[in-house]
Amino acid sequence: MPVKKNPEIKSEQSSPIVTRRSAQQAKIQTRAMVKSTSTSTSAAAATSTAAAAGATLSNRSGEARKPSAALLEAKRRARNQLKAQSNMSNIVMHETVTDIFQNAVNAKGMLRGPTALIFDETMSQHCCLWDKLHWERPERFTRVLERCQELKLVDRCLRIKSRSATKEEILKLHTAEHYEQLELTSGIRDDENMEELSSHFDSIYIHPSTFELSLLASGSTIELVDQLIMGKAQNGMAIIRPPGHHAMKAEFNGYCFFNNVALAAKHALDKHKLQRILIIDYDVHHGQGTQRFFYDDPRVLYFSIHRFEYGSFWPNLHESDFHAIGTGAGQGYNFNVPLNATGMTNGDYLAIFQQLLMPVALEFQPELILVSAGYDAALGCPEGEMEVTPACYPHLLNPLLRLASCRVAVVLEGGYCLESLAEGAALSLRSLLGDPCPPLVEPVQIPRQELTEALLNCIYAHRPYWRCLQLQKTYDTNSQLVGDHLTESSPNVDEHRVHRVWIGGPPAMDRYPTRDTAILLPPEVHARNKARLRILRAETKLSAPTVRVCYAYEEEMLQHCNLHDVGHPEQPMRIKHIHQMHKEYELLTRMMPLMPRAATTDEVCLAHTRSHVNSIRRLLGRSPEELQELGAGFNSVYLHPRTFDCATLAAGSVLQAVDCVLRGETRSGICNVRPPGHHAEPDQPHGFCIFNNVAIAAQYAIRDFGLQRVLIVDWDVHHGNGTQHIFEANPKVLYISVHRYEHGSFFPKGPDGNYDVVGKQAGRGFNVNIPWNKKGMGDMEYALAFQQLIMPIAYEFNPQLVLVSAGFDAAIGDPLGGCKVTPEGYGLFTHWLSALAGGKIIVCLEGGYNVNSISYAMTMCTKSLLGDPMPTPQFNNGSGDARKPPTVAFQSCLETLQSCLEVQRHHWKSVDFVNRRLPAGQGVVSENNNEDFLAATLQQLSLSNDQDAQGAAGGAQGDQRPSGSKPKVKVKTLTEFMAENKEALESEEMFAVYPRKNCPHLDQVLKELPPSINTNVACGDCSSLTENWMCLSCQKIGCGRYINEHMEKHCLKHSHPLALSFSDLSVWCYKCSDYIDHPSLYNILNLVHLSKFQEPMAWTYSCEKREDGCYSNQLDKDEDDGQNGSNFYIHLERDN
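About the cut-offs
- Residues numbered from 1 in each chain as written.
- Predicted model: local features only at pLDDT ≥ 70, side-chain atom pairs only at ≥ 80, totals over all residues.
- Heavy atoms only, no water.
- Helix = DSSP H or I, 4+ residues; strand = E, 2+ residues; numbered from the N terminus.
- Contact = heavy atoms within 4.5 Å.
- pLDDT = per-residue confidence, 0-100.
- Phe/Tyr/Trp six-rings, centres within 6.5 Å; stacked < 30°, edge-to-face > 60°.
- Pairing = 2+ DSSP bridges.
- Buried < 20%, exposed > 50% of the residue type's maximum accessible area, 1.4 Å probe, protein only.
- Arc of directions from axis to C-beta.
- Salt bridge = Lys/Arg side-chain N within 4 Å of Asp/Glu carboxyl O.
- Axes fitted to C-alpha atoms, helices over the stretch in contact; angles between N-to-C directions.
- 1 Å grid on protein atoms, 1.4 Å probe; cavity = no way out; pocket = protein on both sides within 12 Å on 5 of 7 lines; lining within 4 Å.
- Points joined across faces, edges and corners; volume = space filled by probe spheres on them.
- Nonpolar A, V, L, I, M, F, W, Y, C, P; charged D, E, K, R; others polar.
- Disulfide = S-S within 2.5 Å.
- Core = buried A, V, L, I, M, F, W, Y, C linked by side-chain atoms within 4.5 Å.
- Polar contact = N/O pair within 3.5 Å; in protein donor to acceptor, adjacent residues only side chain to side chain.
- Parallel < 35°, antiparallel > 145°, perpendicular 65-115°, else oblique.
- Left-handed = near helix turned anticlockwise from the far one by under 90°.

Colleague: Explanation requested: the overall build of the protein in the structure shown.
Modeller: A count of helices and strands for the protein gives 32 helices and 29 strands. Taking as baseline every contact in the protein between residues at least 6 positions apart, the subset at least 24 positions apart corresponds to 80%.

Laid out in structure tokens, this is it:
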């Protein structure tokens, strides 16, 4: 190709070494040279031939110009490679090249589809004829439908005709005997016999219509899945009953008869040949039936979040704990997050989704998502006793809606507070329809200690199987106490200890109660919950503009260009190509176009000094040479006579979008503007940027709309130094930047973009930098940053507006960024952010210098805001199996996130626990091996031997075993429990930990006992009333290891070795690292026993009781071995 030398470009000696930088320079030079035209077509052909042969190019003045050495070297290597391939095969090989933007191309015709809704009004017939107050009653179904109709949701859905499941479909998972037993009850009006039959199953009643309605519920769920897989609907909801997730292969259980979700999953596997199905079960009761069906099947990932309380909550199964991870080929595909306390809030559930479910779901790459949607964890439900607000359910559902090609089916399970059930289900359907997530009225509370323990246990158990769960560092479990001091590697507050605690529920029954099974909340609690729900419903904003997106673009912004380098990366064609692609994808007619306007001087001065504004204003009329000289005085800036007009127009266009969104005219905005802005400093231009468009917009929203919290997310590959400096002392703006940093060597260079730069003065903590120190970061790395850091902090901040500095130079194919984020990845991140601020989000173009990359990427962001489905990014590419070595980029990503979390945990409590270290090793779980193993308290203590405890996978024997019982547990005193279970403990039908009979530190026990001890005293450090201990040297009261570890810290700090538990009356020696049981401790134990149980403690020691309380600390060897002593502590362990 003939080229003419541009007199404005100085000739430079090309380096003979082929480097990435030299190749990039060669490309830019070639683009500039192509702009020159040849004198004739024949000359073009001749010169092209000469160039191909490596000949010298001649320009008009006769100067000789050599081609770039980098390009010549690249061509030489390519020729040699092709020649080698030809020699090996002796045939011409044609390699198929996959278009890196093929997914974005495929998305062109993907428009938002309907949301399917399936229900049948006959489902209200199923009821308990002998207990009108039974929780599983028809109103659960009718109230949900009524609320959906009130919100005008039903008419917006694609109604799917309900159908009954066939016997063949039911027998895919259930036995013929199971099917026929229920079939025999069809139409039977004998209440007495039906109640008798029901009593043989746990929490079951049978109605004459139960068989037909159970078939209808299962068939409707299967039909919904068929509609989604065949593309008739984008997503959908099944409002059905009876529920299904407790139903097992051959057992009715927990209000359930046929397992609706499991049958639908099996149907999708068999008929549609799907290979990856994700089942999410957030019913407050563990769906053991669903778990058992797929426990050894890697095609189905089952993820359950449920109340557990160390097995004391129904269904009281070992298999409901975090250690049940699957078996055989399914190992690692079963997740249980056991909640060991009531009162879990929105913050707890969001943490589960962000830190565990979403990373695993992204790596699993499901083809279908089924949600067992129980709403009994919602505020007010008497069975769950949790505090998840109804408006939180859309936030849980939202991040899933762009996975699995948007094929998400929500299937109703439990929920027994009619108000929160109806609201939660209706808002879930609203979310499926594409309406924005409603802002959460109450602040998101930080995750509770019990939740973080369970979550980290679950992460630990699954680390060997999932690459995405490698974020936490590990510690050596062999570290010990040395003398009276902790070694450097000894356990501390940042070291999570993995323990299994088992309390269990009542023994299995031959007959189960059929009446009066409803658990009523205390009247004052019920009234408080009802009032709170009323306030939440009144204050939750559900209105949303009809128009989804406004669009800012003006051709006048094309005038800003580099007069001396037409191939400069920040070129006018960037926004023109984006606009053209929006037109090709037919998006422009679906958005509200904004009338362009220039930002006023006062508006620009919201983020910049007046002298800076005036210096840019004075560019008009300057000569090209003057402009070049002025631009050279700044870092990576070029200037044009129309720069001021274009820059103020770009800023003003973003302000137009702010007006449009905050006035409620549209939900969100897309700003296709230039020049970019995020590098622009308050007093000067920088890095292709003149005025900081997003910073001006944030200040404008605060000034003119009175906003108190604006979130700026900057995913440009370069750190937004200007935005950071403008807001570093402003607590009203949270700035989060994820960028390539390379230890400060990547533009804009220097330490400002590092993770430890958190803001100044009042703005300290409101600056979050996520600096990549390696190139090659892709969708998975960015997604982990979003889910495990950006989204938790954003939810805690609770923004009123989200502004995205959307640079697309981290996109795959960008010549400067060196990263691999796909266009569909950007679309997904946009969707996640749209859950914040009631959907008020504005995406503003920053960098990005491959016009194809930025055009596809911005188009995917727009389609995301318009609600269109799009291809799911291939997150496991580059990550792969956790058992394979990680890529350099992924490992560096983990190191960056760990560093960020370590700093940000001091400012954002939502991520405080995430960076705790886990034990090294492959999922070895210790059980009950600390002094608080029985901390879930004797107040619920009632144990069964459970010799026949089934495996988590079920089986013939396991399928027949009853699963537990819902009746409340009777409270027993320690004396009663000891007497009742002593024989079983001594015969090792139950397990116990025998304490030491001597201790060299007994002389440090306080000598003068108080007249009494109050076991209801709170921890002196945190005021906790749960699991407290008393120091036996100074009577200090502190909480145990499962709370905040204040007793352990006290004893280690002051070298007080012995502490007594108010929970189980055990005595622990920190220096011996063991339990102690010695007669000299009787008097103080007796005082605690009197306070706790209002009766004296029995003397059980082999020696005679002495009035002076003095006993020898030297026991014979047999007693020291602990085999002949009669005293033992009831420390429960797994019975296998």
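Having put the structure on the table, let's press on.
Colleague: Just checking my understanding: could you explain the confidence of the model for the protein for this structure?
Modeller: Atomic detail in the predicted coordinates should be set aside for any region of low pLDDT. Per-residue pLDDT for the protein averages 85, and the proportion of residues at 70 or more is 81%. Every residue in residues 85-97 scores below 50 in pLDDT, and together they form one contact with partners more than four places removed in sequence or on other chains.

Colleague: So what exactly am I meant to see when it comes to the packing of aromatic side chains here?
Modeller: Here a ring pair, both rings aromatic, is described through the centre-centre distance and the interplanar angle of the planes. Tallied over the full model, the rule gives 36 aromatic pairs. Ring centres of Phe 303 and Phe 335 lie 5.5 Å apart, and the angle between their planes is 20°; this geometry places the pair in the stacked category. Here Phe 335 lies in strand E8 (residues 334-339) and Phe 303 lies in strand E7 (residues 300-307), a separation of 32 residues in the sequence. Seen in terms of ring centroids, Phe 766 and Trp 908 are 5.6 Å apart; in terms of plane orientation they differ by 85°. Their pairing is edge-to-face. Linking Phe 766 in the loop between strand E19 (733-740) and strand E20 (767-772) with Trp 908 in the loop between helix H27 (888-904) and strand E23 (918-919), this pair joins segments that are 142 residues apart in sequence.

Colleague: How should the sheet that holds strand E4 (residues 158-159) be read in this particular structure?
Modeller: In sheet architecture, strand pairing relies on hydrogen bonds along the backbone and comes in two forms, parallel and antiparallel. The strand order across the open sheet formed by eight strands is E4-E3-E5-E10-E9-E6-E7-E8, and the pairing between neighbours is parallel. Looking at strand neighbours, the two that pair on one side only are E4 and E8, the edges of this open sheet. In this structure, E7 lies alongside E8, joined through six bridges in parallel fashion. Bridge pairing links Tyr 302 to Asn 334 in E8.

Colleague: Any chance you could explain helix H19 (residues 610-617) here in plain terms?
Modeller: Residues that lie three or four places apart on an α-helix share one face, since the helix turns once every 3.6 residues. What H19 keeps buried is the set His 612, Val 613 and Ile 616. Down the axis of H19, the smallest arc covering the buried residues is 100°, so these residues share one side.

Colleague: Mind showing me how you'd approach unusual backbone geometry here?
Modeller: What is expected of a backbone is that most residues other than glycine have negative phi and most peptide bonds are trans. Of note, the bond from Arg 241 into Pro 242 is cis; its omega dihedral lies within 30 degrees of zero at 5°. Within the element layout of this structure, Pro 242 appears in the loop between strand E5 (235-238) and helix H10 (260-270). Residue Phe 747 is joined to Pro 748 through a cis peptide bond whose omega torsion reads 5°. For Ala 837, which is not glycine, the phi dihedral falls at a positive 55°. Among the secondary structure elements, Ala 837 is positioned in the loop between helix H25 (823-833) and strand E22 (841-845). Residue classification places Ala 837 among the buried positions, given a relative accessible area of 11%.

Colleague: Explanation requested: the pattern of salt bridges in the structure shown.
Modeller: Side-chain pairing between opposite charges can occur once the charged atoms of the two side chains come close. Applying the stated rule across the entire model yields 47 salt bridges. A salt bridge links Asp 270 to Lys 172; its shortest N-O distance comes to 3.7 Å. Residue Asp 270 is found in helix H10, and its partner Lys 172 is found in the loop between helix H6 (167-170) and helix H7 (176-183); the two are separated by 98 residues along the sequence. The partly exposed category is assigned to Asp 270, whose relative accessible area is 25%. Here Arg 916 and Glu 453 are joined by a salt bridge, their closest N and O atoms 3.9 Å apart.

Colleague: Can you walk me through the sheet that holds strand E21 (residues 801-806) in this structure?
Modeller: Spatial ordering of the open sheet is given by E16-E15-E17-E22-E21-E18-E19-E20, a layout of eight strands whose pairing is parallel. Of all strands in the sheet, those with a lone pairing partner are strand E16 (592-593) and E20, marking the two edges. Across two bridges, strand E15 (residues 549-552) lies against E16 in parallel orientation. Each residue of the ladder has a partner; that of Cys 550, found in E16, is Met 592. Where helix H26 (residues 851-865) meets the sheet, it contacts E15, strand E17 (668-671) and E22, and its direction lies at approximately 165° from that of E17.

Colleague: What is the right way to look at empty space enclosed by the protein in this model?
Modeller: Empty space among the atoms becomes visible once a probe the size of a water molecule is rolled across them. Scanning the entire structure with this criterion turns up 16 cavities of 30 Å³ or more. Taken as a whole, the largest cavity holds about 280 Å³ of empty space. Considering the residues around the largest cavity, the lining is formed by 23 residues, among which Gly 434, Asp 435, Pro 436, Arg 548 and Ser 834 are closest to the centre. Of the residues belonging to the lining of the largest cavity, the class tally is seven nonpolar, eleven polar and five charged.

Colleague: So what exactly am I meant to see when it comes to the state of the cysteines here?
Modeller: Here, the word disulfide means a covalent bond between the sulfur atoms of two cysteines. Enumeration according to the criterion identifies zero disulfides in this entry. Just so you know, Cys 671 is unpaired, no disulfide at all, and the nearest cysteine sulfur is the one on Cys 844, 5.1 Å from it. By relative accessible area, which is 0% here, Cys 671 ends up buried. Lacking any disulfide linkage, Cys 999 is separated from the closest cysteine sulfur, that of Cys 1072, by 3.8 Å.

Colleague: Is there a simple way to think about the nonpolar core in this case?
Modeller: Side chains of nonpolar character tend, in soluble globular proteins, to be buried together. In terms of nonpolar packing, the biggest core is built from 258 residues, with Trp 715 and Ile 770 touching the most fellow members. No other element matches the 13 residues that helix H24 (residues 779-797) contributes to this core. Residues Ile 1013, Cys 1069, Val 1088 and Tyr 1101 belong to the second largest nonpolar core, which totals 25 residues.

Colleague: Even after reading the chapter, I still don't get the pairing of E5, so can you show me in this structure?
Modeller: The alternating pattern of E5 places Asn 235 and Met 237 on one face and Gly 236 and Ala 238 on the opposite face, and all of these are buried. Relative to E5, strand E3 (residues 115-118) is paired through four bridges, and the arrangement is parallel. For Ala 116, the partnering residue across the bridge sits in E5 and is Gly 236.

Colleague: I'm lost on the environment of Lys 167 in this one. Help?
Modeller: Looking at the secondary structure, you find Lys 167 in helix H6. With a relative accessible area of 36%, Lys 167 lands in the partly exposed category. When near neighbours in sequence (up to four residues on either side) are disregarded, Lys 167 contacts Tyr 179 and Glu 180.

Colleague: Explanation requested: the side chain of Glu 136 in the structure shown.
Modeller: One can find Glu 136 in the loop between E3 and helix H5 (139-150). Here Glu 136 is in contact with His 126, Tyr 205, Arg 241, Pro 243, Tyr 255 and Tyr 416, once residues within four sequence places are set aside.

Colleague: Mind showing me how you'd approach the side chain of Asn 259 here?
Modeller: If you trace the backbone, Asn 259 turns up in the loop between E5 and H10. Among the polar contacts made by the side chain of Asn 259, one reaches the main-chain carbonyl oxygen of Gly 244 at a distance of 3.3 Å. Polar contacts involving the side chain of Asn 259 include one to the main-chain carbonyl oxygen of Ala 247, which spans 3.1 Å. Those residues in contact with Asn 259 that lie beyond four places of it in its chain are His 174, Gly 244, His 245, Ala 247, Gly 289, Thr 290 and Phe 293.

Colleague: Whenever I open this one, the packing of helix H9 (residues 210-229) against H10 confuses me. Can you help?
Modeller: Packed helices, taken two at a time, are described by the angle between their axes plus the distance between the axes. Packing of H9 against H10 brings their axes to within 9 Å, and their N-to-C directions diverge by 40°. When the interaxial angle is binned, H9 and H10 end up oblique. Two packed elements cross with a definite hand, and for H9 against H10 that hand is right-handed. Residues Ser 214, Ala 217, Ser 218, Thr 221, Ile 222, Val 225, Asp 226 and Ile 229 of H9 touch H10, and the partners they reach there are Asn 260, Val 261, Leu 263, Ala 264, His 267 and Ala 268. Partitioning the contact of H9 with H10 into residue classes produces eight nonpolar, five polar and one charged.

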